[in-house]
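# Coordinates in review
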Amino acid sequence: MKPLILLLTIIFVFCSVGCSNKIQTEDTLSKHDVDRLRSLKILDEKEHLYKFYSEFKNSVAGNFFTDKRLATYWLDEHDKSKSKVQFAFYKDIAYIDTVYIAGSTYCPYMNIVKNDSSSFKVCVDGTKEEITDFFNGAISQWRQSKH
């Protein structure tokens, strides 16, 4: 019985933290958050960040799209070797799949498949309209860059 209670508590805490996060823009992110993206080399000085979402806290995790790329990061606070920073410039993306219903413990996501067949996920959560707006905005930027 104790393992079940522990599991339910962990799921509740994870969902409470993850579900309370909002989709942000470059204007609503703190200067510290924007500087972190630049230090990770996933945001250039003149690059415009359109939408940003963190499934935890911005200092640890983030997913976003700009006028040049889609990106995601997870910075492990205890073991730097487990940190992961991934991005793709639009010209390097072969296709994008969207998954709106990803299961009860996962956020909706876009699967970004690069021309070299590697892939990564960009996660986002919110209302159905907010998620759709994020996905459509990212896909629109990608399509515009292909022309």
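Below you will find a few notes about this structure.

## What about the sheet that holds strand E2 (residues 61-66)?
Read from one edge of the open sheet, 4 strands run E1-E2-E3-E4, paired in antiparallel fashion. The open sheet terminates on both sides in strands that have one partner only, identified here as strand E1 (49-53) and strand E4 (84-89). Each adjacent strand pair in this sheet contributes to an overall mean axis angle of 10°, direction not counted. Packing against the sheet, helix H3 (residues 128-145) makes contact with E1, E2 and strand E3 (69-74), and its axis sits at approximately 50° to E2.

## Re the environment of Asn136
For Asn136, the location among the structural elements is in helix H3. Since its relative accessible area comes to 46%, Asn136 is described here as partly exposed. Sequence separation between Asn136 and Thr98 is 38 residues, and the spatial gap between their C-alpha atoms is 9.7 Å.

## Quick notes on the pattern of salt bridges
Inspection of the entire model under this criterion finds 9 salt bridges. The residue Lys91 makes a salt bridge to Asp92 at a minimum N-O spacing of 3.3 Å. Look at Lys91 and you get exposed, because its relative accessible area is 63%. Among the residues examined, Asp92 registers a relative accessible area of 26% and is labelled partly exposed. Through salt bridges with shared partners, a single network forms among Asp44, Glu47, Lys68 and Arg69.

## Focus: the nonpolar core
Residues Leu70, Ile93, Ile96, Met110, Ile112, Val122 and Phe134 are the most contacted members of the largest nonpolar core, which totals 22 residues. Listing elements by their share of this core, those giving two or more residues are strand E5 (93-99), strand E6 (109-114), strand E7 (119-123) and H3. Counting residues per element, this core draws most heavily on H3, which supplies 6 residues. Excluding residues within four positions of it along the chain, Ile93 makes contact with Leu70, Ala88, Ile112, Val113, Lys114, Asn115, Trp142 and Lys146. Core analysis: the next-biggest nonpolar cluster, separate from the first, contains 11 residues, Leu49, Phe52, Ala71 and Tyr73 among them.

## Some points on the packing of aromatic side chains
Under the defined criterion, the tally for this structure stands at 6 aromatic pairs. Seen from their ring centres, Phe56 and Trp74 are 6.2 Å apart, and the 35° between their planes marks the pair as tilted. One end of the pair, Phe56, is in the loop between E1 and E2; the other, Trp74, is in strand E3, and 18 residues separate them in sequence. Taking relative accessible area as the criterion, Phe56 reaches 32% and is therefore assigned partly exposed. Relative to Phe134, the ring of Phe65 has its centre 5.2 Å away and its plane inclined at 85°; by these criteria the two rings are edge-to-face. With a gap of 69 residues between them, Phe65 in strand E2 and Phe134 in helix H3 connect regions that are remote in the sequence. Its relative accessible area of 3% is what places Phe65 among the buried residues. Here the aromatic residues Tyr50, Phe65 and Phe134 are joined through ring pairs into a cluster of three or more. Directly above the aromatic system of Phe87 lies the positively charged group of Arg69, at a separation of 4.8 Å from the ring centroid.

About the criteria used
Residues numbered from 1 in each chain as written. Predicted model: local features only at pLDDT ≥ 70, side-chain atom pairs only at ≥ 80, totals over all residues. Heavy atoms only, no water. Pairing = 2+ DSSP bridges. Helix = DSSP H or I, 4+ residues; strand = E, 2+ residues; numbered from the N terminus. Axes fitted to C-alpha atoms, helices over the stretch in contact; angles between N-to-C directions. Contact = heavy atoms within 4.5 Å. Buried < 20%, exposed > 50% of the residue type's maximum accessible area, 1.4 Å probe, protein only. Salt bridge = Lys/Arg side-chain N within 4 Å of Asp/Glu carboxyl O. Core = buried A, V, L, I, M, F, W, Y, C linked by side-chain atoms within 4.5 Å. Phe/Tyr/Trp six-rings, centres within 6.5 Å; stacked < 30°, edge-to-face > 60°. Lys NZ or Arg CZ within 6 Å of the ring centre and 35° of its normal.

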